Amino acid sequence: MIQLPENSHIEYLVGQSEIDVRPMVPYNDLVCEFLNEFSSILRKNRNVAKYPDIATFSFWCRKANVQKMKSEFHDNKNRIGRGLAFHITPSNVPINFAFSLVFSMLAGNANIVRTPSKKFPQIDIICNDLNMLLSEKKYHNFKENTVVVRYKKNDEITGEFSKHCDARVIWGGNSTIFNIRKIMVPARCIEIAFSDRYSICVLNAQKIIQLDENNLEKLATQFYNDTYLMDQNACSSPRLVIWLGKSDKKGKEVFWQAVSRIVEKKYHMEYIQTVDKYMQLCRNAIDMESNISFKSNGVNLYRISLEALPENKEQLIGKFGYFYEFETSDINSISHLVDSSFQTLTYFGFEKKIFLDFIFHNRLKGIDRVVPVGKALDIGPIWDGYDVIGNLSRIINIQ
Amino acid sequence: MRIRLFNIDQIIENCPYGLNKEEKNKLFLQVVNEMTLHHYQNSDHYRNILNLLNYDPTQTHKLSEIPFIPVRLFKEYDLFSIKRSEIFKTMTSSGTGGNRVSKIFLDKTAAKNQIKVLSKIVTNFIGKKRLPMLIIDTPSVLKDRTLFSARGAGILGFSTFGRNHQYALDENMELDIENVQIFCEKYKNDKILLFGFTFVVWKYFHQKLLDLGIRLPLENAILFHGGGWKKLTEESVDNDSYKKALNKSCGLNRVHNYYGMVEQTGSVFIECEEGHLHTSIYSDILIRRADLSLCKVGESGLVQLISLLPKSYPGHNILTEDIGQILGEDDCSCGRKGKYFKINGRVTSAEIRGCSDTIA
């Protein structure tokens, strides 16, 4: 057992200031059973209806999905968790801490998870149900190795929790990662840092024009979910749309109009978002001068068409429904833009293989996810180019 | 094409609250269209923005359809429509907490016009005679004369309406009660002009007087204060309770809040006797919803400000980050014409979703 710090600044939402750090085998039966039960408790919780993010999470950790992940993970190696993992999760996504915890439980670790300091109701709902389940006798192992804490930014406390960990998981931004890296961890501790990333979407206008009304609406909804659902501010939400293939002006317009109809129905713009978008528009006008043109389907949907791609993506950062678009017949023409910060490429109307060829052929440092439109936000154990569960466990070489 | 631009002298002798809706619209339609073209021709940045918006400034547009620029732009870019060598004065906003400050560039004419217009507006409230003036601030905000902070510019601007100026606070922001009392005694039979920033007046003057248990005889004084309510709202002090409190601590009967921002010269909106902020003939206000459509009277939204003054920099039409509502036009019972309105606060930085912000 390891003693954890205790003071008035730290709130223990789950567990207490003592933790059993002995690892287990990844995807062991007990943890799979535990998650399945957790999933069904959450799904029965009446408070959950209000929070689609909890619903997504609880659906994600149901039995079928965990079994699927398990079968994809199996690599014939003798694996066991690393010991104690300490997670620092993003301040503006209430549910992220739960995913981080589950990944690491599946890897076989004991866990300390720091939630956002802001009191999101989702966090309380999840922690309450978690505590309820942990009080069952058969799960006493998890009761002793699972800790969720909440505290305001405090390097000293972060230092205390970092002192004993075998793995540290940091969810960015970059400045946070730099900051936390200054805080020491034991020599053998590994670190997984999820830094700021950039994502793009590649669309085929000629395929879009062939869609019937239902399928067009479906595609537009999926695109909406990838972007507006997180204010276009998630690492995996596309900011740049590449129209690949033969130019089809009508296909483009049909797509944006369909997206606009969904946005009108579902998205609510705040004053500050309107101001921020307009501000970005003025910045682009000044900095990019004549190489761009502007189209809008109302204030909810701004589009900047690029006549040529800039040298880097620095100016191509839109939020709240602010997209850059570029038309090309050759995917290789965008390769200079792709740096190591590129994460997800969503696509519609193409064979996925062309994107793998694109990455290999151009020897790119970025893009580590290629998924269909609609799946940008689907988190999984292979994330940001890491095999998260593989990294959070160790391999025993036995001969 | 070079246009002959409207000169504020053409209307400077008019009553600043003398135009009705129709007359004012006619004037603004012409002048704001002209100014938009003027800045388009003389500011590269401004031209780039209008070009991206596909806006043709050679055509006359409805006032509400003329593009505005976001006030935050002055923090990130140097915007001006004159030669660099013609810059006579650079004003800055009062930056708090390491934020970037706005930079506003004036040539000689613009600086002169700013004073003229302020004078027309303020004398409408206090008369033409200069009054003994108590400045509720420290003289040290004026130390660096080359960079005018909003606070310094406000003090200097209003100082021209006063005489025998006395600062109420010392270098350390402490109330100089001795000199203040001497000043009050000396001018006890005069109308006195008081000027200060809303929060400074409250914290360093009013509250200090309460602490000292001293009631100043300022029944004949008239106070102008501005700079925003943010800190006072946090302390649950609104305009009404502010006035009542000041009446208690120093007998003040005439308290006028004003609203304006360094980014737009000529936009000085003074609260009338009825408690309403008023547009003058030099400036106008529009209120917009989050989708940028125009609000109805009484509906609150984003504040857009228009002024006939900014000629040296493209700040004649700006979108602020304040929330306000128009209460009426031409029919305020104080008798002044023009729109009257109130400010409800600032846009709050919304909770932005996303995953790249741990703040750890």
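These numbers come from a predicted model, not from an experiment.

Cut-offs used in this document
Residues numbered from 1 in each chain as written. Chains lettered and ligands numbered in written order. Predicted model: local features only at pLDDT ≥ 70, side-chain atom pairs only at ≥ 80, totals over all residues. Heavy atoms only, no water. Helix = DSSP H or I, 4+ residues; strand = E, 2+ residues; numbered from the N terminus. Rg over C-alpha atoms; globule rule 2.2 N^0.38 Å. Buried < 20%, exposed > 50% of the residue type's maximum accessible area, 1.4 Å probe, protein only. Contact = heavy atoms within 4.5 Å. Lys, Arg positive; Asp, Glu negative; His and termini not counted. Charge placed at Lys NZ, Arg CZ, Asp CG, Glu CD. Areas by Shrake-Rupley, 256 points an atom, 1.4 Å probe, with all protein chains shown as cover. Domains from an automatic or database assignment. Buried area = accessible area lost by both parts, 1.4 Å probe. Salt bridge = Lys/Arg side-chain N within 4 Å of Asp/Glu carboxyl O. Polar contact = N/O pair within 3.5 Å; in protein donor to acceptor, adjacent residues only side chain to side chain. Nonpolar A, V, L, I, M, F, W, Y, C, P; charged D, E, K, R; others polar. Axes fitted to C-alpha atoms, helices over the stretch in contact; angles between N-to-C directions. Left-handed = near helix turned anticlockwise from the far one by under 90°. Arc of directions from axis to C-beta. Core = buried A, V, L, I, M, F, W, Y, C linked by side-chain atoms within 4.5 Å. Pairing = 2+ DSSP bridges. Phe/Tyr/Trp six-rings, centres within 6.5 Å; stacked < 30°, edge-to-face > 60°. Lys NZ or Arg CZ within 6 Å of the ring centre and 35° of its normal.

For chain A, the count of helices and strands is 14 helices and 19 strands. Taking 399 residues into account, the globule formula puts the C-alpha radius of gyration at 21 Å, and chain A, at 22 Å, falls close to it. For the C-alpha atoms alone, the extent of chain A along its principal axes is close to 65 × 55 × 40 Å. Among the 399 residues that make up chain A, the fraction classed as buried is 57%. The long-range share in chain A, meaning contacts at least 24 apart out of those at least 6 apart in sequence, stands at 75%. The distance from the centre of the 50 positive side-chain charges to the centre of the 45 negative ones in chain A is 3 Å.

What chain B contains, in helices and strands, is 9 helices and 15 strands. Expected size for 360 residues packed as a compact globule is a radius of gyration near 21 Å; at 21 Å, chain B falls within 12% of this value. Dimensions of chain B along its principal axes, counting C-alpha atoms only, are 60 × 60 × 45 Å. Expressed as a percentage of the 360 residues in chain B, the buried residues total 53%. Total accessible area computed for chain B in this model is approximately 16,100 Å², and 48% of it derives from carbon and sulfur atoms. Distance between charge centroids for chain B: 4 Å, based on 47 positive and 41 negative side chains.

Once that is clear, we can look at the domain arrangement of chain A. All names here are of chain A. The domain architecture assigned to chain A consists of domain 1 (2-196 + 384-396) and domain 2 (198-372). The C-alpha-based centres of domain 1 and domain 2 are spaced at 33 Å. Across the boundary between the two partners, domain 1 contributes 5 residues, which contact 5 residues of domain 2. For the domain 1 and domain 2 pair, buried surface summed over both sides reaches about 380 Å², with 48% attributable to carbon and sulfur atoms.

Across the contact, 47 residues belong to chain A and 39 residues belong to chain B. Taking both sides of the interface into account, the surface hidden between chain A and chain B amounts to around 3,800 Å²; carbon and sulfur atoms contribute 62%. Summed over the three residues of chain A that lose the most area to chain B, namely A:Tyr271, A:Tyr278 and A:Ile286, the buried surface amounts to 20% of that side. The tally of links from chain A across to chain B stands at 2 salt bridges. Measuring nitrogen to oxygen at the nearest pair gives 2.7 Å for the salt bridge that ties B:Glu76 to A:Arg283. Our enumeration of links across chain A and chain B arrives at 6 residue pairs in polar contact (both at pLDDT 80 or more). Listing elements by their share of the side of chain A that touches chain B, those giving two or more residues are helix 8 (174-181), helix 12 (271-288), strand 12 (292-296) and strand 13 (302-306) of chain A. At 13 residues, helix 12 of chain A tops the list of elements feeding residues into the side of chain A that touches chain B. Of the residues assigned to the side of chain A that touches chain B, the class counts are 27 nonpolar, 10 polar and 10 charged.

Counted by the stated rule, this structure contains 38 salt bridges over all chains. Note that A:Lys138 and A:Glu37 form a salt bridge whose closest N and O atoms lie 3.2 Å from each other. Residue A:Lys138 is located in the loop between helix 5 (121-134) and helix 6 (140-145), and its partner A:Glu37 is located in helix 1 (residues 29-44); the two are separated by 101 residues in the primary sequence. In this structure A:Lys138 comes out as partly exposed when scored by relative accessible area, which is 41%. Judged by its relative accessible area of 22%, A:Glu37 is partly exposed. The residue B:Arg47 makes a salt bridge to B:Asp44 at a minimum N-O spacing of 2.5 Å. Of the two residues, B:Arg47 and B:Asp44 both sit in helix 2 (residues 44-52), 3 residues apart, roughly one turn of that helix. For B:Arg47, a relative accessible area of 23% corresponds to the partly exposed category. Through salt bridges that share partners, A:Glu11, A:Asp124 and A:Arg150 make up one connected network.

Turning our attention to the packing of helix 1 of chain A against helix 3 (residues 63-73) of chain A. Residues and elements named next belong to chain A. Helix 3 packs onto helix 1 with a crossing angle of 145° between their chain directions and a minimal axis gap of 9 Å. The crossing of helix 1 and helix 3 is right-handed. Residues Asp29, Cys32, Leu35 and Asn36 of helix 1 form the contact with helix 3, whose participating residues are Lys63, Val66, Gln67 and Lys70.

This part is about helix 8 of chain A. Residue and element names in this part refer to chain A. Among all positions in helix 8, only Thr176, Ile177 and Ile180 are buried. All buried residues of helix 8 project into a common sector of 100° when viewed along the axis, lining one side. Facing away from the buried surface of helix 8 by more than 90 degrees, the exposed residues are Ser175 and Phe178. Next to the buried residues of helix 8 lie strand 5 (84-88), strand 8 (167-171) and strand 9 (190-194).

Let's shift gears to the nonpolar core. Ranked by size, the top nonpolar core spans 179 residues in total, and within it A:Leu306, B:Phe205, B:Leu218 and B:Phe224 carry the most contacts. The greatest single-element share of this core, amounting to 9 residues, is contributed by helix 12 of chain A. Counting residues in hydrophobic clusters, the runner-up holds 56 residues, among them A:Ile41, A:Cys61, A:Phe73 and A:Phe99.

The pairing of strands in a sheet comes from backbone hydrogen bonds and takes either a parallel or an antiparallel form. Residues and elements named next belong to chain A. Across the sheet, 6 strands lie side by side as 2-7-6-5-8-9; this open sheet has mixed pairing. Where the open sheet ends on each side, the last strands, each with one partner, are strand 2 (11-14) and strand 9. In this sheet, neighbouring strand axes are inclined to one another by 20° on average, regardless of whether the strands run parallel or antiparallel. Both strand 6 (residues 110-114) and strand 7 (residues 146-150) contribute to a ladder of 4 bridges, which runs parallel. By the bridge assignment, Arg114 is partnered in strand 7 with Val149. Across the face of the sheet, helix 5 comes into contact with strand 2 and strand 7 while running at roughly 65° to strand 2. In the packing of helix 7 (residues 155-162) onto the sheet, the strands contacted are strand 2, strand 5, strand 6, strand 7 and strand 8, and the crossing angle to strand 5 comes to about 155°.

With that settled, consider the packing of aromatic side chains. All names here are of chain A. Tallied over the entire structure, the rule returns 47 aromatic pairs over all chains. Judged by centre distance (5.9 Å) and plane angle (85°), the ring pair of Phe350 and Phe355 falls under edge-to-face. Residue placement shows Arg114 over the ring face of Tyr151; its charged tip is 4.5 Å from the ring centre.

Residue and element names in this part refer to chain A. The buried count for strand 13 comes to 5 of 5 residues, which makes it a mostly enclosed element. The two faces of strand 13 match: Tyr302, Ile304 and Leu306 on one face and Arg303 and Ser305 on the other face are all buried. Between strand 12 and the antiparallel strand that follows it, strand 13, lie 5 residues; Gly298 among them carries a positive phi value of about 80°. Of the strand pairs in this sheet, strand 13 and strand 14 (residues 322-328) are connected by 5 bridges, and their pairing is parallel.

So, on to unusual backbone geometry. The phi dihedral of B:Asn164 is positive, around 45°, even though this residue is not glycine. Of note, B:Asn164 is situated in strand 6 (residues 162-167).

All names here are of chain B. Most of strand 9 (residues 254-260) is tucked away, with 5 of its 7 residues classed as buried. Across 3 bridges, the pairing between strand 9 and strand 10 (residues 268-270) is antiparallel. Bridged to Tyr258 within strand 10 is Ile270.

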